[in-house]
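Here are the chains, one letter per residue:
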Amino acid sequence: MGTGLPAAIGAQLANPEKPVLALCGDGGLMMAVHELHTAVAEELPITTVVFNNDDYAIISEEAERSYGLESGAYGWPSAALDFPTIAEGMGMTAFRADGVADLENRVSEAIARDEPVLIEVRTDPDEPQASAFMEGA
Ligand SMILES: Cc1ncc(C[n+]2csc(CCOP(=O)(O)OP(=O)(O)O)c2C)c(N)n1
Ligand SMILES: [Mg+2]
(Lines give C-alpha, C1' and ligand atoms only; values in the text may rest on other atoms or scores of the structure.)
(Ligands and ions follow the chains in the order given, each with its own letter.)
Protein backbone atom coordinates (compact mmCIF):
# COMPACT_ATOMS: atom_id res chain seq x y z
CA MET A 1 0.00 0.00 0.00
CA GLY A 2 1.96 2.97 -1.33
CA THR A 3 5.31 1.21 -1.32
CA GLY A 4 5.03 -0.88 -4.49
CA LEU A 5 6.41 1.63 -6.97
CA PRO A 6 9.11 3.11 -4.67
CA ALA A 7 10.25 -0.44 -3.85
CA ALA A 8 10.35 -1.27 -7.55
CA ILE A 9 12.60 1.75 -8.15
CA GLY A 10 15.00 0.41 -5.52
CA ALA A 11 14.82 -3.10 -7.00
CA GLN A 12 15.55 -1.79 -10.49
CA LEU A 13 18.51 0.29 -9.30
CA ALA A 14 19.93 -2.76 -7.51
CA ASN A 15 19.27 -5.06 -10.50
CA PRO A 16 19.69 -2.95 -13.64
CA GLU A 17 19.73 -5.97 -15.97
CA LYS A 18 16.54 -7.58 -14.65
CA PRO A 19 12.96 -6.75 -15.61
CA VAL A 20 11.10 -5.21 -12.66
CA LEU A 21 7.32 -5.05 -12.34
CA ALA A 22 5.34 -3.12 -9.74
CA LEU A 23 1.85 -4.56 -9.14
CA CYS A 24 -0.30 -1.83 -7.57
CA GLY A 25 -3.88 -1.06 -6.64
CA ASP A 26 -5.20 2.32 -7.71
CA GLY A 27 -5.36 3.52 -4.10
CA GLY A 28 -1.87 2.29 -3.39
CA LEU A 29 -0.35 3.82 -6.51
CA MET A 30 -1.96 7.19 -5.74
CA MET A 31 0.03 7.33 -2.51
CA ALA A 32 3.27 7.69 -4.46
CA VAL A 33 2.06 8.45 -7.99
CA HIS A 34 4.76 11.10 -8.45
CA GLU A 35 7.32 8.28 -8.55
CA LEU A 36 6.12 7.51 -12.07
CA HIS A 37 7.90 10.74 -12.95
CA THR A 38 11.02 9.60 -11.11
CA ALA A 39 11.10 6.45 -13.26
CA VAL A 40 10.90 8.60 -16.42
CA ALA A 41 13.45 11.17 -15.26
CA GLU A 42 15.93 8.50 -14.14
CA GLU A 43 15.26 6.29 -17.20
CA LEU A 44 14.34 3.27 -15.08
CA PRO A 45 12.61 0.65 -17.29
CA ILE A 46 10.06 -0.43 -14.66
CA THR A 47 6.70 -1.80 -15.71
CA THR A 48 3.93 -0.58 -13.41
CA VAL A 49 0.67 -2.56 -13.56
CA VAL A 50 -2.20 -0.77 -11.82
CA PHE A 51 -5.45 -2.57 -11.03
CA ASN A 52 -8.05 0.19 -11.11
CA ASN A 53 -11.39 -0.36 -9.39
CA ASP A 54 -12.12 3.23 -8.25
CA ASP A 55 -12.00 2.13 -4.64
CA TYR A 56 -10.00 1.20 -1.58
CA ALA A 57 -11.93 -2.00 -2.15
CA ILE A 58 -10.46 -4.11 0.64
CA ILE A 59 -11.34 -1.31 3.10
CA SER A 60 -14.82 -0.76 1.66
CA GLU A 61 -15.59 -4.46 1.71
CA GLU A 62 -14.52 -4.86 5.32
CA ALA A 63 -16.58 -1.80 6.30
CA GLU A 64 -19.62 -3.27 4.56
CA ARG A 65 -19.18 -6.72 6.08
CA SER A 66 -18.27 -5.76 9.63
CA TYR A 67 -19.90 -2.35 10.12
CA GLY A 68 -22.86 -2.35 7.73
CA LEU A 69 -21.66 0.57 5.61
CA GLU A 70 -23.03 0.78 2.08
CA SER A 71 -21.19 -1.02 -0.74
CA GLY A 72 -18.12 0.86 -1.95
CA ALA A 73 -18.31 3.32 0.93
CA TYR A 74 -14.73 4.50 0.52
CA GLY A 75 -14.69 4.45 -3.28
CA TRP A 76 -14.62 7.31 -5.81
CA PRO A 77 -16.59 6.04 -8.87
CA SER A 78 -17.85 9.55 -9.64
CA ALA A 79 -14.24 10.78 -9.91
CA ALA A 80 -12.60 7.94 -11.81
CA LEU A 81 -8.87 8.13 -12.40
CA ASP A 82 -7.41 7.63 -15.88
CA PHE A 83 -3.94 6.26 -15.14
CA PRO A 84 -2.69 6.05 -18.75
CA THR A 85 -3.39 9.79 -19.11
CA ILE A 86 -1.65 10.52 -15.79
CA ALA A 87 1.39 8.48 -16.85
CA GLU A 88 1.52 10.00 -20.33
CA GLY A 89 1.42 13.43 -18.74
CA MET A 90 4.67 12.52 -16.99
CA GLY A 91 6.24 11.41 -20.25
CA MET A 92 5.65 7.68 -19.74
CA THR A 93 4.42 5.20 -22.34
CA ALA A 94 1.09 3.78 -21.17
CA PHE A 95 -1.43 1.12 -22.20
CA ARG A 96 -4.76 -0.17 -21.01
CA ALA A 97 -5.08 -3.98 -20.92
CA ASP A 98 -8.39 -5.80 -21.21
CA GLY A 99 -8.32 -9.37 -19.92
CA VAL A 100 -5.58 -11.81 -18.99
CA ALA A 101 -4.28 -12.56 -22.49
CA ASP A 102 -4.07 -8.87 -23.34
CA LEU A 103 -2.29 -8.17 -20.06
CA GLU A 104 0.26 -10.90 -20.78
CA ASN A 105 0.94 -9.39 -24.19
CA ARG A 106 1.21 -5.87 -22.82
CA VAL A 107 3.62 -6.93 -20.06
CA SER A 108 5.82 -8.71 -22.60
CA GLU A 109 5.71 -5.64 -24.83
CA ALA A 110 6.53 -3.32 -21.92
CA ILE A 111 9.56 -5.38 -20.88
CA ALA A 112 10.79 -5.54 -24.47
CA ARG A 113 10.57 -1.74 -24.81
CA ASP A 114 13.21 -1.29 -22.09
CA GLU A 115 11.65 1.96 -20.87
CA PRO A 116 9.23 2.83 -18.07
CA VAL A 117 5.70 1.74 -18.99
CA LEU A 118 2.38 1.86 -17.14
CA ILE A 119 -0.37 -0.69 -17.84
CA GLU A 120 -3.83 -0.08 -16.43
CA VAL A 121 -6.23 -2.97 -15.85
CA ARG A 122 -9.81 -2.00 -15.04
CA THR A 123 -11.23 -4.40 -12.43
CA ASP A 124 -14.63 -4.93 -10.82
CA PRO A 125 -14.94 -3.24 -7.39
CA ASP A 126 -17.26 -6.10 -6.37
CA GLU A 127 -14.54 -8.69 -6.96
CA PRO A 128 -13.94 -10.38 -3.56
CA GLN A 129 -10.95 -8.90 -1.77
CA ALA A 130 -8.20 -10.77 0.06
CA SER A 131 -9.92 -10.32 3.42
CA ALA A 132 -12.94 -12.24 2.14
CA PHE A 133 -10.76 -15.14 1.03
CA MET A 134 -8.96 -15.15 4.37
CA GLU A 135 -12.33 -15.56 6.10
CA GLY A 136 -13.21 -18.44 3.80
CA ALA A 137 -15.91 -16.51 1.91
C1 LIG B 1 0.24 3.53 4.30
C2 LIG B 1 -1.07 2.81 4.46
N3 LIG B 1 -2.21 3.53 4.50
C4 LIG B 1 -3.38 2.90 4.62
C5 LIG B 1 -3.43 1.54 4.72
C6 LIG B 1 -4.75 0.83 4.88
N7 LIG B 1 -5.13 0.20 3.63
C8 LIG B 1 -4.86 -1.12 3.40
S9 LIG B 1 -5.40 -1.61 1.90
C10 LIG B 1 -6.02 -0.06 1.56
C11 LIG B 1 -6.72 0.22 0.28
C12 LIG B 1 -6.06 -0.40 -0.92
O13 LIG B 1 -6.65 0.13 -2.09
P14 LIG B 1 -6.13 -0.29 -3.49
O15 LIG B 1 -4.63 -0.15 -3.54
O16 LIG B 1 -6.90 0.47 -4.52
O17 LIG B 1 -6.44 -1.85 -3.57
P18 LIG B 1 -7.89 -2.59 -3.68
O19 LIG B 1 -8.23 -3.04 -2.29
O20 LIG B 1 -8.88 -1.63 -4.25
O21 LIG B 1 -7.61 -3.75 -4.60
C22 LIG B 1 -5.79 0.83 2.62
C23 LIG B 1 -6.21 2.25 2.64
C24 LIG B 1 -2.21 0.82 4.67
N25 LIG B 1 -2.18 -0.52 4.73
N26 LIG B 1 -1.05 1.47 4.54
MG1 LIG C 1 -8.49 -0.12 -5.64
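That block above? That's the structure.
Keep in mind that this is a model prediction, so the values were computed, not measured. (Residues numbered from 1 in each chain as written. Chains lettered and ligands numbered in written order. Predicted model: local features only at pLDDT ≥ 70, side-chain atom pairs only at ≥ 80, totals over all residues. Heavy atoms only, no water.)

Asks: Describe in detail the nonpolar core, supporting the description with residues and values.
Replies: Judged by nonpolar contacts, the single largest core of 18 residues is most densely connected at Leu29, Leu36, Ile46, Ala87, Met92 and Leu118. Breaking this core down by element, the ones donating at least two residues are α1 (4-14), β1 (21-25), α3 (35-41) and α5 (83-89). A per-element tally of this core places α1 first, with 3 residues. By size, the runner-up hydrophobic cluster in this structure holds 9 residues, among which are Leu103, Val107, Ala110 and Val121. (Core = buried A, V, L, I, M, F, W, Y, C linked by side-chain atoms within 4.5 Å. Buried < 20%, exposed > 50% of the residue type's maximum accessible area, 1.4 Å probe, protein only. Helix = DSSP H or I, 4+ residues; strand = E, 2+ residues; numbered from the N terminus.)

Asks: Could you give an account of the site of ligand 1, naming the residues involved and the relevant values?
Replies: Residues in close proximity to ligand 1 total 13 residues, the closest being Asp26, Gly27, Gly28, Asp55 and Ala57. Residue Ala57 places a main-chain N or O atom 2.9 Å away from an oxygen atom belonging to ligand 1. Look at ligand 1: alone it shows 590 Å² of surface, and the protein chains cover 60% of it. Listing elements by their share of the shell around ligand 1, those giving two or more residues are α2 (26-30) and α4 (57-67). In terms of residue class, the shell around ligand 1 is made up of 6 nonpolar, 5 polar and 2 charged. (Near = heavy atom within 4 Å. Polar contact = N/O pair within 3.5 Å; in protein donor to acceptor, adjacent residues only side chain to side chain. Areas by Shrake-Rupley, 256 points an atom, 1.4 Å probe, with all protein chains shown as cover. Nonpolar A, V, L, I, M, F, W, Y, C, P; charged D, E, K, R; others polar.)

Asks: Describe the coordination of the magnesium ion (ligand 2), naming the residues involved and giving the relevant values.
Replies: Protein coordination at the magnesium ion (ligand 2): the donors are Asp26 (OD), Asn53 (OD1) and Asp55 (O), at 2.0 to 2.2 Å from the metal. Here the donor residues for the magnesium ion (ligand 2) map to a single chain with the spacing D-x26-N-x1-D. Highlighted residues: Asp26 in helix α2 and Asp55 in the loop between β2 (47-52) and α4, separated in sequence by 29 residues. Summarising the burial analysis for this pair, Asp26 and Asp55 share the class buried. (Donors = N, O, S within 2.8 Å, 3.2 Å for Na, K, Ca; no water.)

Asks: How would you explain the sheet that holds β2 if you had to name every residue and give the values?
Replies: One open sheet accounts for 4 strands, arranged β1-β2-β4-β3; its pairing is parallel. Edge positions in the sheet fall to β1 and β3 (93-97), since each of these pairs with one other strand and no more. On average, each strand axis in the sheet is inclined to that of its neighbour by 20°, with strand direction left out of account. Pairing analysis gives 5 bridges linking β1 to β2, with the strands arranged parallel. Bridge pairing links Ala22 to Thr48 in β2. Each of β1, β2, β3 and β4 (117-122) is contacted by helix α6 (residues 100-113), which is oriented at about 165° to β3, the strand it contacts most. (Pairing = 2+ DSSP bridges. Axes fitted to C-alpha atoms, helices over the stretch in contact; angles between N-to-C directions. Contact = heavy atoms within 4.5 Å.)

Asks: Tell me about a nonpolar patch on the surface, residues and numbers included.
Replies: Residues Met1, Met31, Tyr56, Ile58, Ile59 and Tyr74 make up a contiguous nonpolar surface patch of about 610 Å² in total accessible area. By secondary structure assignment, the location of Met1 is in the segment before α1. We classify Met1 as exposed; its relative accessible area is 62%. (Patch = residues over 30% accessible without salt bridge, like charges linked within 9 Å, V, L, I, M, F, W, Y side chains within 5 Å. Salt bridge = Lys/Arg side-chain N within 4 Å of Asp/Glu carboxyl O.)

Asks: Any chance you could break down the packing of aromatic side chains for me, citing the residues and the numbers?
Replies: Inspection of every chain in the model, using the stated rule, returns 1 aromatic pair. Between the aromatic rings of Tyr56 and Trp76, the centroid separation amounts to 5.0 Å while the plane-to-plane angle is 80°, which identifies the pairing as edge-to-face. Here Trp76 lies in the loop between α4 and α5 and Tyr56 lies in the loop between β2 and α4, a separation of 20 residues in the sequence. The exposure class assigned to Trp76 is buried, which follows from its relative accessible area of 18%. (Phe/Tyr/Trp six-rings, centres within 6.5 Å; stacked < 30°, edge-to-face > 60°.)

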